Amino acid sequence: MEKTLVLIKPDAFGKNHTGDILKRYEDEGLKIVAAKVMQMDKKIAAIHYAEHVEKPFYPDLVEFMTSAPLMALILGGDNAISKVREINGATNPAKAAEGTIRKLYAESVTKNAVHASDSPESAAREIKIFFSEIEQFGA
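Residues numbered from 1 in each chain as written. Predicted model: local features only at pLDDT ≥ 70, side-chain atom pairs only at ≥ 80, totals over all residues. Heavy atoms only, no water.

A. Quick look at the overall build of the protein. What the protein contains, in helices and strands, is seven helices and four strands. Counting from the amino terminus, helix and strand elements in the protein follow one another as β-α-α-β-α-α-β-α-α-β-α. What you see for the protein is a C-alpha radius of gyration of 14 Å, in line with the 14 Å of a compact globule of 139 residues. Buried residues in the protein amount to 47% of all 139 residues. Pairs at least 24 residues apart make up 76% of the contacts formed inside the protein by residues separated by at least 6 positions. Looking at the protein as shown, the accessible area adds up to about 7300 Å², and 53% of this sits on carbon and sulfur atoms. Mean positive and mean negative side-chain charge positions of the protein (18 and 20 charges, respectively) differ by 1 Å. (Helix = DSSP H or I, 4+ residues; strand = E, 2+ residues; numbered from the N terminus. Rg over C-alpha atoms; globule rule 2.2 N^0.38 Å. Buried < 20%, exposed > 50% of the residue type's maximum accessible area, 1.4 Å probe, protein only. Contact = heavy atoms within 4.5 Å. Areas by Shrake-Rupley, 256 points an atom, 1.4 Å probe, with all protein chains shown as cover. Lys, Arg positive; Asp, Glu negative; His and termini not counted. Charge placed at Lys NZ, Arg CZ, Asp CG, Glu CD.)

Listed below in structure tokens is the structure:
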């Protein structure tokens with residue numbers, strides 16, 4: 001079973017879209033391996049978004065991601081990484097396909113409802129940031 005990290009970002013979490021988003025993933029055959037509600041702090045944001053530290057959008061991204069609670073998930077299933085990315089839609093909600101999570105719930109490129117790992121390597125790295133082995137079930 002392939003695993004991927006998903007973050008239901010503060011915008012979607014705060015607007016009570018979490019249940020709809022979780023249902024969408026489950027309806028597509030993905031299993032919840034781990035889940036928790038948390039408030040990202042600047043230390044976790046710096047680790048998670050390390051590749052973006054020098055980019056001009058980084059300060060706004062960190063401010064947004066640390067502004068309110070979010071839900072962190074590990075989803076598992078066949079081709080989970082590509083499946084989740086397809087369900088989520090394009091990063092820019094204006095370019096996201098109809099029916100995708102970002103088309104339905106995102107506000108902007110930054111406030112785009114969800115984050116998902118983009119590769120097996122990223123998934124392995126990101127999962128370790130948010131979850132210990134003991135917090136993962138059904139793996």
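After presenting the structure, the write-up continues.
B. Examining the nonpolar core more closely. Residues Leu 7, Met 40, Met 65, Leu 70, Ala 72, Phe 130 and Phe 131 are the most contacted members of the largest nonpolar core, which totals 20 residues. Of all elements in the fold, only strand 1 (2–8), strand 2 (31–38), helix 3 (42–48), helix 4 (58–65), strand 3 (70–77) and helix 7 (120–130) reach the threshold of two or more residues within this core. Broken down by element, this core gets its largest block of residues, five residues, from helix 4. Residues Ala 12, Tyr 105, Ala 106 and Ala 113 belong to the second largest nonpolar core, which totals 19 residues. (Core = buried A, V, L, I, M, F, W, Y, C linked by side-chain atoms within 4.5 Å.)

C. Layout of the pattern of salt bridges. Summed over all chains, the structure comprises six salt bridges. The shortest N-O distance in the salt bridge between Asp 27 and Lys 23 comes to 3.0 Å. Of the two residues, Asp 27 and Lys 23 are both situated in helix 2 (residues 18–27); the distance of four residues between them amounts to about one turn of the helix. Look at Asp 27 and you get exposed, because its relative accessible area is 53%. A salt bridge links Glu 51 to Arg 125, with the shortest nitrogen-to-oxygen separation between them at 3.5 Å. Taken together, the residues Glu 51 in the loop between helix 3 and helix 4 and Arg 125 in helix 7 connect sequence positions 74 residues apart. Residue classification places Arg 125 among the partly exposed residues on the basis of a relative accessible area of 33%. (Salt bridge = Lys/Arg side-chain N within 4 Å of Asp/Glu carboxyl O.)

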